[in-house]
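# Geometric and topological summary
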Amino acid sequence: MIYDLVLLHPPTVYDFRKEMLFTGPISDVVPSSPVFEMYPVGLTSIGDYLERFGLKVKIINIANRMLLNPNFDVEKKIKNIKAKAFGIDLHWLPHAHGSVELAKIVKKYHPETPVMFGGLSSTYFHKELIEYPWIDFIVRGDTTEKLILMLLNKLEKKDVTGFADIPNLTWKRNNQYFYNEITYVPDSLDEFNLPGYRYIIGSVFKYFNLLDPLPYKGWLRYPNTAILTSKGCNYNCLICGGSRDAYELNCNRKKLVMRSPQKMLEDIALIQRFTRAPIFLLNDIRQGGKEYVDEFLDGLSKMKLKNELVFELFNYADERFFERLNKAIPKYSIELTLESADEDIRKYNGKLPCTNAKVIEMLQFALKQGCAKVDLFFHDGYP
């Protein structure tokens, strides 16, 4: 089969099976190993969107295949792929080495096939990445489904006029580099499925392969699902690459955009049809405002909800909020992203009024109102 696009997810460090290396962050909350084999939800959204237009898109989680089988031959796998284009995510910075090395292997066996990069880290480092001979395009910004469709259509037509008309694109020709302005910043996310679980399930049967698109090692034993609630942020935490200023600087996104409560409820209903795994709501839904939260929780209370929901909270929540969760949802948990246990650092970072006293008060509210589990999310190693 010839695919229109094959999306590859790299390990953090490509040689992790051979070298004793420090591979980067380790998380007890993110269901992934230090190889960070869990790919961004954007890959599934890209696959879902493109296949609506009749394209054949396949996700191959190279990092996970390498973890599952120490003898898995990456080069043989890539050599045997027939694709019109390859896409590699460099969303999280720990994949800096693995993504570039994977692109080099792709070009080794498919020298004439275009290779594109995408993700927040790709967007930030696009001028450095385009200088690598084995990277042809960087699709910048936080929402690239339509842009990739435009690029694939132009490549299919073998358009010799160049790519100046595709927003957000970094590209090259005859040793010249071009950086198209970021002008495509959608103010609605509802036409995209984040993530595209319908696409993932369908691709297993369509392409007769269960292992390639698995999200992470151990997913079959302990499946976890997630829904992206928003892009952009109201907060401006100093250490965050997804802060308000970072989004504006790198993606030209000047304000937060939330997915509609209706789309979120549709996603939850779909997930319940194929798994009873917990559903993690990425980002704090309270950023959408009181009316948004009320509409979403009212919708949940009318569903026959069977899955546990995990809510990410960026800051202090009062008892009324937990009362609402307890009333609307049979089972829920929370993840509180404090990032630092030090109140002074938290203050500088922008996490007030989350003092330690407020945190303890909030945890008491949560446990009183039926919260099943609490994750406190801390980072280590601040500059």
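Every chain begins its residue count from 1, and numbering advances along the sequence as written. Confidence filtering applies because this is a predicted model: local features only for residues at pLDDT of at least 70, side-chain atom pairs given and counted only at 80 or more, and all residues used for totals across whole chains, interfaces and linings. Calculation of side-chain values draws on the structure's entire complement of heavy atoms; hydrogens and water are dropped beforehand.

Time to look at the sheet that holds strand 4 (residues 115-118). The seven strands are arranged 2-1-3-4-5-6-7 in an open sheet whose pairing can be described as mixed. Both edges of this open sheet fall to strand 2 (57-61) and strand 7 (176-179), since each of them pairs with a single strand only. Across the sheet, the mean angle from the axis of one strand to that of its neighbour is 20°, orientation sign disregarded. Paired strands are those between which DSSP finds at least two bridges. Under the scheme used here, helices are H or I runs from DSSP no shorter than 4 residues and strands are E runs no shorter than 2 residues, and both carry numbers assigned from the N terminus. Bridge analysis of strand 4 against strand 5 (residues 137-139) gives three bridges, and the strand direction is parallel. Each residue of the ladder has a partner; that of M116, found in strand 5, is F137. The contact criterion used is simple: two residues touch if any of their non-hydrogen atoms lie within 4.5 Å. Simply put, an axis is a line fit to the C-alpha atoms, just over the touching stretch for a helix, and the angle between two N-to-C directions goes from 0 to 180 degrees. Contacts from helix 4 (residues 96-109) reach strand 1 (5-9), strand 3 (86-89) and strand 4, with the element oriented near 165° to strand 4. This element, helix 7 (residues 145-156), spans strand 1, strand 4, strand 5 and strand 6 (169-173) of the sheet and lies at about 150° to strand 5.

Bringing the packing of helix 10 (residues 261-274) against helix 11 (residues 290-302) into the picture now. Axis separation between helix 10 and helix 11 bottoms out at 9 Å; the angle between their running directions is 30°. Here helix 10 is positioned roughly parallel relative to helix 11, judged by the angle of their axes. Along this stretch, helix 10 crosses helix 11, giving a crossing that reads as right-handed. Residue-level inspection shows P261, M264, L265 and I268 of helix 10 in contact with helix 11, the latter providing Y292, E295, F296, G299 and L300. Gly is placed with the polar residues, together with every amino acid not listed as nonpolar (Ala, Val, Leu, Ile, Met, Phe, Trp, Tyr, Cys and Pro) or charged (Asp, Glu, Lys and Arg). Here the residues of the contact of helix 10 with helix 11 sort into seven nonpolar, one polar and one charged. We call two directions roughly parallel when the angle between them is under 35 degrees, roughly antiparallel when it is over 145, roughly perpendicular when it lies between 65 and 115, and oblique otherwise. Crossing handedness is read from the near helix: turned anticlockwise from the far helix by less than a right angle, it gives a left-handed crossing, and turned clockwise, a right-handed one.

This paragraph deals with the sheet that holds strand 13 (residues 332-339). Read from one edge to the other, the open sheet built from five strands follows the order 8-11-12-13-14, with strand pairing classed as parallel. Pairing within the sheet leaves two strands with one partner each, and these edge strands are strand 8 (225-228) and strand 14 (374-378). Going across the sheet, the axis of each strand differs from the next one's by a mean of 20°, ignoring polarity. Bridge analysis of strand 13 against strand 14 gives four bridges, and the strand direction is parallel. Residue E335 lies in a different strand from strand 14, and its bridge partner there is D375.

Attention shifts here to the state of the cysteines. Here, disulfide denotes a covalent bond that connects the sulfur atoms of two cysteines. Our working definition of a disulfide is a cysteine sulfur pair at a distance within 2.5 Å. Inspection of the entire model under this criterion finds zero disulfides. Note on C237: no disulfide assigned, nearest cysteine sulfur contributed by C240 at a separation of 6.1 Å. Remark: exposure states derive from per-residue accessible area (1.4 Å probe, protein chains only) relative to the maximum for the residue type, with buried under 20%, exposed over 50%, and partly exposed in between. C240 gets classed as partly exposed once you look at its relative accessible area, which sits at 34%.

Moving on, we get to unusual backbone geometry. Following L194, the chain continues to P195 via a peptide bond in cis, the omega torsion being 5°. Summarising the element assignment, P195 is placed in the loop between strand 7 and helix 8 (197-206). Located in the positive-phi region is E339, a residue other than glycine, with phi close to 70°. Relative to the assigned elements, E339 resides in strand 13.

Assignment of secondary structure puts K373 in the loop between helix 14 (356-368) and strand 14. For the pair K373 and N61, spaced 312 residues apart in sequence, the C-alpha to C-alpha distance is 30 Å. Setting aside chain neighbours within four positions, we find K373 in contact with Y332, S333 and I334.

What follows covers the packing of aromatic side chains. Only the six-membered ring of Trp is used, alongside the rings of Phe and Tyr, when aromatic pairs are assigned; centres must lie within 6.5 Å, and planes under 30 degrees apart are stacked while those over 60 apart are edge-to-face, with the rest tilted. Summed over all chains, the structure comprises eleven aromatic pairs. On the numbers, 4.8 Å between centres and 75° between planes, the contact of Y124 with F125 is edge-to-face. Taken together, a centroid distance of 5.4 Å and an interplanar angle of 75° make the contact between F163 and W171 edge-to-face. When sorted by exposure, F163 lands in the same class as W171, which is buried. Here the aromatic residues F137, F163, W171 and F178 are joined through ring pairs into a cluster of three or more. Cation over ring: R286 sits above F321, and NZ or CZ is 5.4 Å from the ring centre. A cation sits over an aromatic face here: K358 above Y316, 4.5 Å from the ring centre. Geometrically, a charge over a ring is one whose NZ (Lys) or CZ (Arg) sits within 6 Å of the ring centre while staying within 35 degrees of the ring normal.

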